[in-house]
Amino acid sequence: MTIRRRDLLALAGLLGAGSVLGPTGAVRAGMTTPPYRGPMKLDGAPKKTSVLVLGAGLAGLTAAYELRNAGYQVQLLEYNNRIGGRSWTLRGGDVYTELGGEKQICEFAPGVYMNPGPWRISHTHKAILDYCKRFGVALEPFVQLNYAGYVHSRNVLGGKPQRYAHVAADFQGYLAEMMTAALSKGGLDQPLAPEHLALLKPMLASWGGLDGSGRYVTGASSSRLRGPESISFEDASITYSQLLKFADVLQLGEDAAMWRGANHPGLASFQTTLFQPVGGMDMIPKAFASRLPGVIRTNARVLSMTQDESRVTVTYEDVSRPGSSLQASANWCICTIPLSILGQLELRIGAPMKAAIDAISYSSETKIGLQFRRRFWEEDEGIFGGFSITDLPIRQIFYPSGGLNTPGPGLLYGAVLHRGPPTYEFTGMTPAERVRRAVEYGAQIHPQYHKEFQNGMAVAWHRNPYTMGCNAQWTPDLIRKHHANARAIDGRFVLAGEGVSGHGWQDGAIMSALEVVERLHRRIVAAVR
Amino acid sequence: MSRAAWVAAIAALAAQIAGAEEAPADPVLAHPSKFIARNGGDLYRAICQGCHMADAKGARGAAAYPALASNPNLQSPLYPAVIVVNGLKAMPAFGDVLDDEQIAAVVNYVRGNFGNRYTDTVSAAEVNAVRPATDGEQSR
Ligand SMILES: Cc1cc2nc3c(=O)[nH]c(=O)nc-3n(C[C@H](O)[C@H](O)[C@H](O)COP(=O)(O)OP(=O)(O)OC[C@H]3O[C@@H](n4cnc5c(N)ncnc54)[C@H](O)[C@@H]3O)c2cc1C
C-alpha cells in the first residue's frame, strides 16, 4: 500500500494539536522523531567545549546529563527554586505561589502526594522507561480504565451515577444486538463472505452479551458482562441485573463524553499498560539531578541571550536577590524554556526561529487534589484507581493508583480539566474557591465528601509562573510553516523540550533533548575536524 | 378564552418555565463544554481573568501577562477584537469558542472598565469582519 501525502495530511489533521486527545495525547503528526535507540554514546567531544543548558525540566536535565557524559563542560540555569519543571509533585509542607500572588500551603498528610502536571507514562515511551530502569526509579501501574468508576450526568436517571461496567456493557450489548439484526436482514451494504458471517455472529454474541436468539436482554448472558443484581446462597438463585435503557446509555455517553476526549480507553495514548513512579512524578527529575552535582543553578531567571561567532552569553537574575544581573557564557546553548515564555525574552536569533516561537499558543489545564480522612471510594464503593466521568464542570474525578487499599487519609483528584471552558473558569478563581467548588460538585457523585474532606491544592497551569500554560498547541498547519525553523540550530543556540518535540509527553521532551544533543555533537565534532 | 389564546398562553408559560430552568444564577461554570455567558463582565470572569487577573493588572513570572487596565493599546476596539479572535503569541485564540456578540461584549467591557474610559464600542458585525476568511468567505 502506498501512502499519499494527502492521506498523511488528513491523518495529521486527525491526530494533531487542537484534536481531542487531551493535553499530551496528541501525536504531532508531521513532526518526525527518530525512534529511541537505547543509551546514548557520544565519542570525540573536543576538550574544553562548553554548553549552557536553560531550564531544568526533563529536557534540560536529559541534555545536561548526556552532554556531561560525553565530556562537555555543562552549566544549567533554572528559574524555579526546584528542578523538574512540569514533572512536579506536591507534598505536605510545600508552598506554591501562583501568578497573581495567591499562595497555597500544602497540608497533605505524610505519604499523601499530588502530581499537578504529568502523572502517567505510556508503555510506548521507551526513552523515559529506559532512564527509570537505569536510574532505579521504581514504577507501578497507573490505572486508566476502571469498570467500577462512574459515568454521571445530571440529566440522566435523576443524576444517579452509573457504574462504567454497566454503561459500557449496555452500549456494547445494544450495538451487538443491532448489528446481529441487521446481518440477518442482509442489511449491510458491505457483503460478507458466508464463512466470515459465520464467524461474526457468535463473536457479536459473546462480545455483546447476547442471548441465544441474538437479543440483549436481562439474563445470564448480559449479566456475564455487567454482573448479576444478587446471588442468594440460601435458595441457590441468581437475580440478573436490569439493563439501562439504550436512550439513557446514549445520553450518558454524550453528557459525560464517554467516548470523546481523553476518556476513550482505547485511544492509543491511553492503552494499558501505563505507569507512574512510586511516590510521585518528581522521582524522575530527582534521579537525574542527583547525577549532576554542581551543574545546576536554581533561582536563576534567564532574561536575555546574545551570541557571536564563538560564544553565547545569557543574562539572568538571581531571584533571591531581586534586580540582580548576572551572566553565564558558553560555546553553545540548548534552551528548553517553554515557548510561552521564550516569546518575551530578548534573544539574538533570526526571524524564522522568532516567528516559530511566536506562533505557538499554550493550552489551559487545571487539576485539583483533595485529601479525605479515608479512602471512601475504595472502602465504600470498591473503586481502586481510574476515573469517574461527569457532565459537572469538574468533568473527571481520578482515584490514585498508589497506596491502594491502605488506611486513610488519601487523596483523589477532584477535577481534571484540559482545554474546554471549565478549565478557564476554574483558572480565574482563587485557589480556595477552586477547591470549594470541586468539593461542592464532587459531593453530587460522592456524598461522603461532606464528612470526609480535609484540605486541597488547586493548580491552574496558566497561572504557573514557570510554564504559563500547559503545553504547546501545534496544528498541522503550524507544523508545516514553523517546525523546521523551531528546530534549526540558530548560530550557537538551539531549542529542545516539549515545545518543539514530536509529542507533548515527558518522553517527547526527553526524545527532543536526545535528538538535539546528538545533532549538536555532530556539528561540533565536524567543525573540529 | 379562544383556542388560539389558550395555545398562546400555554406557549408563553412554557417558555417562561424553560427560560427559568435554562438561565443559571451564574453563567460561569454553568456548562460543561461551552462558554454560555453573554455579558462582558461574566465573560471576563470566565476567560480573561485567568491570566490578566481580576483587577486586569496582569502578572509577571518567567514572562508577563500584560495589564489590560489603563492599557493604551485598547485605543482601537478592533485591536483587542483581533487578538481575542486569533490569539497572540502564547495566548490561545477564542474565535472558535465565542460568537461575535460575546467577543464584542467582552471587548467593550474591558474598554469601559479597569481605568479604561473609551466610550466608543465595537459591534458584533465589526467583530465578524475581523475573523479570518476561509475559502473566500467570512467564517460563520
Ligand atoms: C497538566 C499537565 C499534564 C501532563 N500530563 C502528562 C502525563 O501524564 N504524562 C507525560 O508524560 N507528560 C505529561 N505532560 C507533559 C509534560 O509535563 C511535558 O511534556 C514535560 O514535562 C516537558 O518537559 P520540558 O523539560 O520540555 O519543559 P518543563 O518541564 O516545563 O521545563 C522547563 C523549565 O524551564 C524553566 N524556566 C522557565 N522560564 C525560565 C527562565 N526565564 N529562565 C530559566 N528557566 C526557566 C522552568 O521553570 C522549567 O523548570 C503534562 C503536562 C501538564 C502541564
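Thresholds applied
- Residues numbered from 1 in each chain as written.
- Chains lettered and ligands numbered in written order.
- Predicted model: local features only at pLDDT ≥ 70, side-chain atom pairs only at ≥ 80, totals over all residues.
- Heavy atoms only, no water.
- Helix = DSSP H or I, 4+ residues; strand = E, 2+ residues; numbered from the N terminus.
- Rg over C-alpha atoms; globule rule 2.2 N^0.38 Å.
- Buried < 20%, exposed > 50% of the residue type's maximum accessible area, 1.4 Å probe, protein only.
- Contact = heavy atoms within 4.5 Å.
- Areas by Shrake-Rupley, 256 points an atom, 1.4 Å probe, with all protein chains shown as cover.
- Lys, Arg positive; Asp, Glu negative; His and termini not counted.
- Charge placed at Lys NZ, Arg CZ, Asp CG, Glu CD.
- Buried area = accessible area lost by both parts, 1.4 Å probe.
- Salt bridge = Lys/Arg side-chain N within 4 Å of Asp/Glu carboxyl O.
- Polar contact = N/O pair within 3.5 Å; in protein donor to acceptor, adjacent residues only side chain to side chain.
- Nonpolar A, V, L, I, M, F, W, Y, C, P; charged D, E, K, R; others polar.
- Core = buried A, V, L, I, M, F, W, Y, C linked by side-chain atoms within 4.5 Å.
- Arc of directions from axis to C-beta.
- Pairing = 2+ DSSP bridges.
- Axes fitted to C-alpha atoms, helices over the stretch in contact; angles between N-to-C directions.
- Parallel < 35°, antiparallel > 145°, perpendicular 65-115°, else oblique.
- Near = heavy atom within 4 Å.
- Phe/Tyr/Trp six-rings, centres within 6.5 Å; stacked < 30°, edge-to-face > 60°.

1. Observations concerning the overall build of chain A
Of the regular secondary structure elements, chain A holds 17 helices and 25 strands. Taking 24 Å as the expected radius of gyration for a compact globule of 529 residues, we find that chain A reaches 26 Å, a close match to that expectation. In terms of overall dimensions, chain A has C-alpha extents of about 85 × 60 × 40 Å along its principal axes. Taking all 529 residues of chain A together, 57% fall into the buried category. Within chain A, contacts between residues separated by at least 24 positions form 71% of all contacts whose residues are at least 6 apart in sequence. Carbon and sulfur atoms make up 55% of the accessible area of chain A, which totals about 22,300 Å². In chain A, 54 side chains carry a positive charge and 44 a negative one; their mean positions are 7 Å apart.

2. Structural notes on the interface of chain A and chain B
Chain A puts 33 residues into the contact, and the matching count from chain B is 27 residues. Taking both sides of the interface into account, the surface hidden between chain A and chain B amounts to around 2,600 Å²; carbon and sulfur atoms contribute 59%. Among the residues of chain A in contact with chain B, P421(A), Y424(A) and E425(A) are the three that bury the most area, contributing 24% of the side total. Applying the counting criterion to the chain A and chain B interface returns one salt bridge. For the salt bridge of K89(B) with D358(A), the shortest nitrogen-to-oxygen distance reads 4.0 Å. Across the contact surface, chain A and chain B share 13 residue pairs in polar contact (both at pLDDT 80 or more). Among the secondary structure elements, those contributing two or more residues to the side of chain A that touches chain B are helix 10 (339-342), helix 11 (351-358), helix 13 (420-427) and helix 14 (431-442) of chain A. The class makeup of the residues in the side of chain A that touches chain B is 15 nonpolar, nine polar and nine charged.

3. Regarding the nonpolar core
V51(A), V53(A), L67(A), I284(A), F288(A), I334(A) and L514(A) are the most contacted members of the largest nonpolar core, which totals 46 residues. When contributions to this core are tallied by element, the ones reaching two or more residues are strand 1 (50-54), helix 3 (58-70), strand 2 (73-77), helix 4 (126-135), helix 9 (283-289), strand 18 (332-335) and helix 17 (506-528) of chain A. Here this core takes nine residues from helix 17 of chain A, the largest share from any one element. Setting aside residues up to four positions removed in sequence, L67(A) forms contacts with V51(A), V53(A), Y72(A), V74(A), I334(A) and V517(A). L77(A), L345(A), I357(A) and A59(B) belong to the second largest nonpolar core, which has 42 residues in total.

4. Brief notes about helix 11 of chain A
All names here are of chain A. Looking at helix 11, one finds that the buried residues are M353, A356 and I357. What you see down the axis of helix 11 is that its buried residues fit within an arc of 100°, all on one side. Looking at the buried positions of helix 11, the neighbouring elements they touch are helix 10, strand 19 (346-347), helix 16 (476-487) and strand 25 (493-495).

5. Details of the pattern of salt bridges
Residues and elements named next belong to chain A. Applying the stated criterion across every chain yields a total of 33 salt bridges over all chains. For R86, the salt bridge goes to E498, with nearest N and O atoms at 2.9 Å. With R86 in the loop between strand 2 and strand 3 (90-91) and E498 in the loop between strand 25 and helix 17, the pair connects residues that are 412 residues apart, well separated along the chain. E498 sits in the buried class, given a relative accessible area of 7%. Between D477 and R480 there is a salt bridge; the shortest N-O distance is 3.8 Å. Of this pair, D477 and R480 both sit in helix 16, three residues apart, roughly one helical turn. The network of salt bridges with shared partners includes R374, E379, D380 and E452.

6. Digging into the pairing of strand 21 (residues 386-390) of chain A
All names here are of chain A. The buried count for strand 21 comes to five of five residues, which makes it a mostly enclosed element. The pairing of strand 9 (residues 150-152) with strand 21 spans two bridges and is classified as parallel. Residue pairing across strands places H152 opposite T390, the latter belonging to strand 21. Sheet topology places strand 21 next to strand 22 (residues 396-399); four bridges connect them, and they run antiparallel. Note on strand 22: the bridge partner recorded for I389 is Q396. Connecting strand 21 to the next strand, strand 22, in antiparallel fashion are five residues, including R395 with a positive phi near 60°.

7. A word on the packing of helix 4 of chain A against helix 17 of chain A
All names here are of chain A. It is the contact of helix 4 with helix 17, at a shortest axis distance of 7 Å, that shows an interaxial angle of 85°. The orientation of helix 4 relative to helix 17 falls into the category roughly perpendicular. The segment helix 4 lies against helix 17, with K126, A127, I128 and Y131 engaging Q506, D507, I510, M511 and L514. A per-class count over the contact of helix 4 with helix 17 returns six nonpolar, one polar and two charged.

8. Thoughts on the site of the ligand
In the vicinity of the ligand, 35 residues are found, and the nearest of them are E78(A), R86(A), R120(A), E498(A) and G504(A). Of the chains in the model, those with residues near the ligand are chains A and B. At 2.8 Å from an oxygen atom of the ligand is found a main-chain nitrogen or oxygen belonging to G504(A). Contact between the ligand and W505(A): an oxygen atom at 3.2 Å from a main-chain N or O atom of the residue. Bound to the protein, the ligand loses 99% of the 1,000 Å² it would expose on its own.

9. Points about the packing of aromatic side chains
All names here are of chain A. Using the criterion set out here, one finds 33 aromatic pairs over all chains in the structure. Ring centres of W119 and F387 lie 6.0 Å apart, and the angle between their planes is 80°; this geometry places the pair in the edge-to-face category. One end of the pair, W119, is in the loop between strand 6 (113-114) and strand 7 (121-122); the other, F387, is in strand 21, and 268 residues separate them in sequence. Given a relative accessible area of 6%, W119 falls into the buried group.

10. Section: the sheet that holds strand 13 (residues 274-277) of chain A
All names here are of chain A. With antiparallel pairing, the three strands of this open sheet are ordered in space as 7-13-8. Each having just a single partner strand, strand 7 and strand 8 (139-141) make up the two edges of the open sheet. Sheet topology note: the strand 8/strand 13 ladder contains three bridges and is antiparallel. Paired with P141 across the two strands is F275, which belongs to strand 13.

Just distances and angles here, no functional claims.
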